[in-house]
Structures are given as C-alpha cells and as structure tokens.
Amino acid sequence: MPLRHLLLALLLMVVWGSNFVVIKTTLHQLPPLLMAALRFALAAFPALLWLPRPAVDWRNVAAYGFLIGVVQFSCLYTAIQGHITPGLASLVVQTQAFFTTGLAMYFLRERVQAFQWGALCLAMCGLGLIAWHTDGDTSLLGLVLVLTAALGWSSGTLVCKQAGGVNLLSYVVWSSVWATFPLLGLSLVFEGWPVIQEALQQAHALTWAGVAWQAWANTLFGYAVWGWLMARHPAATVAPLSLLVPVFGMASSALLLGEPLPGWKLGAAALVMAGLALNVLWPRWRARHAG
C-alpha cells in the first residue's frame, strides 16, 4: 500500500475511533434516538439527490438501514448516554466480528474453525472482565446495549453481503432513509415531543457540528474512503486496519474526556483485541506460510 493510501486509511481509523467522543459530547444536548434520526437524515439528504439508487432489491436496502440505523445506533447511543464509557463502547462494539461469524455459521452453514473458537474465548474473557467491573460509569445494561448494537451491525453486514458488488456509498446513503423515519417515530414515542422540541431549541452550533461529523465524516467520507481502499487493495491488507478503531477510541476518550484507564480496563482491552486480531490475522498468516 503506498504511503498516502496508508495515511488516508489511518485518518479514517482516527475519524471512526474518535467519533465515540463526539457521540458522548453531542448527547449532552440531544436525546439518543433523536440524535440517531438526525444523523441518518443528514447522511441521506441531500446526497441521495445526486447518488443513483443502488441496483439491488429495495427490501435489502431497507433491511440494512433498519439493522444499522435503528438497531445498531439506537442501542449504541442509548448506551453511551450514561451506561458505558465511550472508550469501552468503541471496544465492545467490535465484537460484531464474532456475531458475524456466528450468523454466517447459522444462516450460511459456514463452518467455524478452531482458531475462531480460540478468538471468541479470548474476547469473552475480556467482556467478562468488563462485566465484573461494572461501576458508576459502566453498567451491565450498557454492556448489553452495546452487544446488541454489535449484533445489529453484524446482521447488517450479512445483508450487505447479499446485495453483491453495489456502490457502497450509494447503498449507505439510500439505506439511511430507511433508518431516519423509524428512528423519528421511536423518538416521538419514547422521548416525546416536548423533549424533542426543547432539545432542538437548545441545540447550538457545536451540537449540529457533532451530528454533521457523524453523518458526513463517519458515514459519507468513511464509507467512500473504505470502498475506495477496498477497490484498490486486497481485503487482507485493508481489513486488519479496523483493529485500530478501538485503540483510537479508547485513547481519544482518555485524552479528551478524561476516561480513566485502570489495569482491569487495559487487560480487558488486551483480551478483546487479541481475540479480534486472532480472528482477522490468523487466516492470512496461515495462508502466507502455507504458500
């Protein structure tokens, strides 16, 4: 990978990792369901006016929008609003890799290999350590919500796989429509119009900047760059870089929000990251040495 491509990939990992701090900051002004609805509304409009509709069944696009927008981000935002620290959220949500393996095994009849069981055991030990140390900043509810978000992410990944080789940016933009309206409905039901009205009235420039950052930097820029890199380099070269997301997530939360990093949290991070690394890197290492 040329240096400028690598630097672009690293910038993307910084954007995706630091977004957990942006989420926490923006949640000071907006309730989580409304914030998720606004994020996907900005991701969809006005971009869909010039991006062509993806050449795939609308039910596939709708399912992806629901799983990613409604399931993943409603749970993730709710968790970060007082139930788990942003740094730990950035780590725990990466367990989507293991949910993806499990769903592929169940629905696609893919066989789980020994190294994947080992990777899962390492990650489960890390999650167990987090659950053991729940306190005022991180609760069991927060852990469950982020794991549910990870399940939504992995389910959306399998739906996207079924779409085939579509333009990823166009696919994400058009699917955002199917996330926006259900999220608005949920916000009206569970957060209520008075809360929504007050939040919108009190929102200031930094609040809207936070929403725009998630919609445009994370969604539009993020998926455009990721698709561009995947089109030019083997997946085995690009995919492992995503392991840096929780590294930047935990580091930015510690530096910008003062999130403490006690020994147990670093140990849990090491176990989860070791499991993720084994899951991603072992097949590539084995293939290289087998050749």
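For the structure, check the block above.
First things first, this report covers the structure right here in the doc.

## Topic: the overall build of the protein chain
Check the secondary structure of the protein chain and you find 13 helices and zero strands. For the protein chain, the succession of helices and strands along the chain, N to C, is α-α-α-α-α-α-α-α-α-α-α-α-α. Principal-axis analysis of the C-alpha atoms places the extent of the protein chain at approximately 60 × 45 × 40 Å. When each of the 291 residues of the protein chain is scored for burial, the buried share is 49%. Counting every atom, the protein chain has about 13,800 Å² of accessible surface; 70% of that belongs to carbon and sulfur. Averaged over its 13 positive side-chain charges, the protein chain has a centre that lies 19 Å from the centre of its 7 negative ones.

## With respect to the nonpolar core
In terms of nonpolar packing, the biggest core is built from 69 residues, with Leu76, Ile80, Leu91, Ile130, Val146 and Tyr171 touching the most fellow members. When residues in this core are grouped by element, the largest group, eleven residues, is from helix α3 (residues 58-80). Those residues in contact with Ile80 that lie beyond four places of it in its chain are Phe20, Ile23, Lys24, Leu27, Pro86 and Ala89. One finds Ala44, Leu48, Val173 and Leu220 within the second-largest nonpolar core, a separate group that totals seven residues.

## Structural notes on the packing of helix α5 (residues 96-107) against helix α7 (residues 140-162)
One way to put it is that α5 packs onto α7 with a least axis distance of 8 Å and a crossing angle of 50 degrees. The angle between the axes of α5 and α7 places the two elements in the oblique class. As for the relative orientation of α5 and α7, their crossing is right-handed in sense. Of α7, the residues touching α5 (which contributes Gln96, Phe99, Thr100, Leu103 and Ala104) are Leu147, Ala150, Leu151, Trp153, Ser154, Ser155, Thr157 and Leu158. Of the residues contributing to the contact of α5 with α7, the split by class is eight nonpolar, five polar and no charged.

## Some remarks on the packing of aromatic side chains
One pass over the structure, following the stated rule, counts six aromatic pairs. Between Tyr64 and Tyr171 the ring centres are 4.9 Å apart and the planes differ by 50 degrees, which places this aromatic pair in the tilted class. Of this pair, Tyr64 sits in helix α3 while Tyr171 sits in helix α8 (residues 168-190), and the two are 107 residues apart along the sequence. Here Tyr64 and Tyr171 have matching classes, each one buried.

## So, the environment of Val71
Tracing the backbone through its elements, the reader meets Val71 in helix α3. Through-space distance from the C-alpha of Val71 to that of Thr148 is 7.5 Å; in sequence the pair is 77 residues apart. Beyond its immediate chain neighbours, meaning those up to four positions away, Val71 contacts Phe66, Thr148, Ala149 and Gly152.

Here is what the cut-offs are and how they apply
Residues numbered from 1 in each chain as written. Predicted model: local features only at pLDDT ≥ 70, side-chain atom pairs only at ≥ 80, totals over all residues. Heavy atoms only, no water. Helix = DSSP H or I, 4+ residues; strand = E, 2+ residues; numbered from the N terminus. Buried < 20%, exposed > 50% of the residue type's maximum accessible area, 1.4 Å probe, protein only. Areas by Shrake-Rupley, 256 points an atom, 1.4 Å probe, with all protein chains shown as cover. Lys, Arg positive; Asp, Glu negative; His and termini not counted. Charge placed at Lys NZ, Arg CZ, Asp CG, Glu CD. Core = buried A, V, L, I, M, F, W, Y, C linked by side-chain atoms within 4.5 Å. Contact = heavy atoms within 4.5 Å. Axes fitted to C-alpha atoms, helices over the stretch in contact; angles between N-to-C directions. Parallel < 35°, antiparallel > 145°, perpendicular 65-115°, else oblique. Left-handed = near helix turned anticlockwise from the far one by under 90°. Nonpolar A, V, L, I, M, F, W, Y, C, P; charged D, E, K, R; others polar. Phe/Tyr/Trp six-rings, centres within 6.5 Å; stacked < 30°, edge-to-face > 60°.

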